[in-house]
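# Inside the fold
Below are the chains, spelled out letter by letter.
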Amino acid sequence: MSVEKAKAHLAAVGLADRLVLHAEESDTVEHAAAVLGCEPAHIAKTMSFLLEEGPIVIVCAGDAKIKNGKYKARFGKKATMVPFTDVERLVGHEPGGVCPFGLANGVRVYLDISLQRFETVYAAGGARNATVRLTPTELAEAVTAEWVDLCDGWQGEANAEQS
């Protein structure tokens, strides 16, 4: 089960107590924000993409959008998302529960700087009803990720804010 992989990953880095299962689904930015009672921007959405060497995941703020020009400059090709039917097999989690914890072997994680403006963000936890509350620093340390600037459209781009 995907949530068990996420929980095991979080336990290994001392954050297992941060995983919360909810009665309602939190499978989209909007659903998660409603369930958690926070602004959609605070949701750390995880999207999966295909590169020649395999799948990657990019985690960004809920109000941010991957900018293809930035993506292409960083990875050398146009952004191609993992097909819905292949997400669980290639990434290790089902759509709606994709998170940066407990991924399939070889899946690299990138964190967009749009997350850095918040004290707290909420990532998915491997299931459509699981979330993980952490700071952006804790998130980066938990997944050994690289910070990147791949998004536009997020609130406060010019003036990063702390919430």
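Residues numbered from 1 in each chain as written. Predicted model: local features only at pLDDT ≥ 70, side-chain atom pairs only at ≥ 80, totals over all residues. Heavy atoms only, no water.

So, about the sheet that holds strand β6 (residues 121-124). Within a sheet, adjacent strands bond to each other through the backbone by hydrogen bonds, running parallel or antiparallel. Judged by pairing direction, the sheet is mixed, and its seven strands sit side by side in the order β1-β7-β6-β2-β3-β5-β8 without closing on themselves. With one partner strand each, in any of the chains shown, β1 (19-21) and β8 (146-148) form the two edges of the open sheet. This sheet shows a mean twist of 35° between the axes of neighbouring strands, independent of strand direction. (Pairing = 2+ DSSP bridges. Helix = DSSP H or I, 4+ residues; strand = E, 2+ residues; numbered from the N terminus. Axes fitted to C-alpha atoms, helices over the stretch in contact; angles between N-to-C directions.)

Attention now moves to the nonpolar core. One finds Ile56, Ile58, Phe75, Phe101, Leu115 and Leu139 to be the most contacted residues of the largest nonpolar core, which totals 47 residues. Sort the elements by how many residues they give to this core and strand β3 (residues 54-61) lands first, with six residues. Discounting residues that sit within four places of it in the chain, Ile56 has contacts with Met47, Ser48, Phe49, Leu51, Tyr71, Phe75, Val107, Arg108 and Tyr110. In this structure, Ala32, Ala33, Cys38 and Ile43 belong to the second largest nonpolar core, which totals six residues. (Core = buried A, V, L, I, M, F, W, Y, C linked by side-chain atoms within 4.5 Å. Buried < 20%, exposed > 50% of the residue type's maximum accessible area, 1.4 Å probe, protein only. Contact = heavy atoms within 4.5 Å.)

Glancing now at the environment of Ala79. For Ala79, the position within the fold is in the loop between α3 (68-75) and α4 (87-91). Residues Ala79 and Leu51, spaced 28 residues apart in sequence, show a C-alpha to C-alpha distance of 8.5 Å. Once residues lying within four places of it in the same chain are set aside, the contact partners of Ala79 are Phe49, Asn68 and Tyr71.

This next bit is on helix α5 (residues 136-143). Every buried residue of α5 is accounted for by Pro136, Leu139, Ala140, Ala142 and Val143. Taken down its axis, α5 places every buried residue within 165° of arc, on the same side. Away from its buried face, by an angle of more than 90 degrees, α5 presents the exposed residues Thr137 and Glu141. On its buried side, α5 packs onto α1 (2-12), β3, β5 (108-112), β6, β7 (130-134) and β8. Of the residues one or two after α5, Thr144 is the one with positive phi, at around 45°. (Arc of directions from axis to C-beta.)

The predicted model of the protein has a mean per-residue pLDDT of 92, with 94% of residues at 70 or higher. Confidence drops under a pLDDT of 50 for residues 158-163, and excluding neighbours within four residues, the segment shows twelve contacts in the predicted structure. (pLDDT = per-residue confidence, 0-100.)

Turning our eyes to something else, we now look at the environment of Ala142. Looking at the element boundaries, Ala142 is found in helix α5. The sequence separation of Ala142 and Ser2 amounts to 140 residues, and the corresponding C-alpha distance is 17 Å. Filtering out sequence-adjacent residues up to four positions away, Ala142 remains in contact with His9, Val13, Leu15 and Phe101.

As a further point, take the side chain of Asp63. Mapped onto the secondary structure, Asp63 falls in the loop between β3 and β4 (65-66). A distance of 2.5 Å separates a polar atom in the side chain of Asp63 from a polar atom in the side chain of Arg117. (Polar contact = N/O pair within 3.5 Å; in protein donor to acceptor, adjacent residues only side chain to side chain.)

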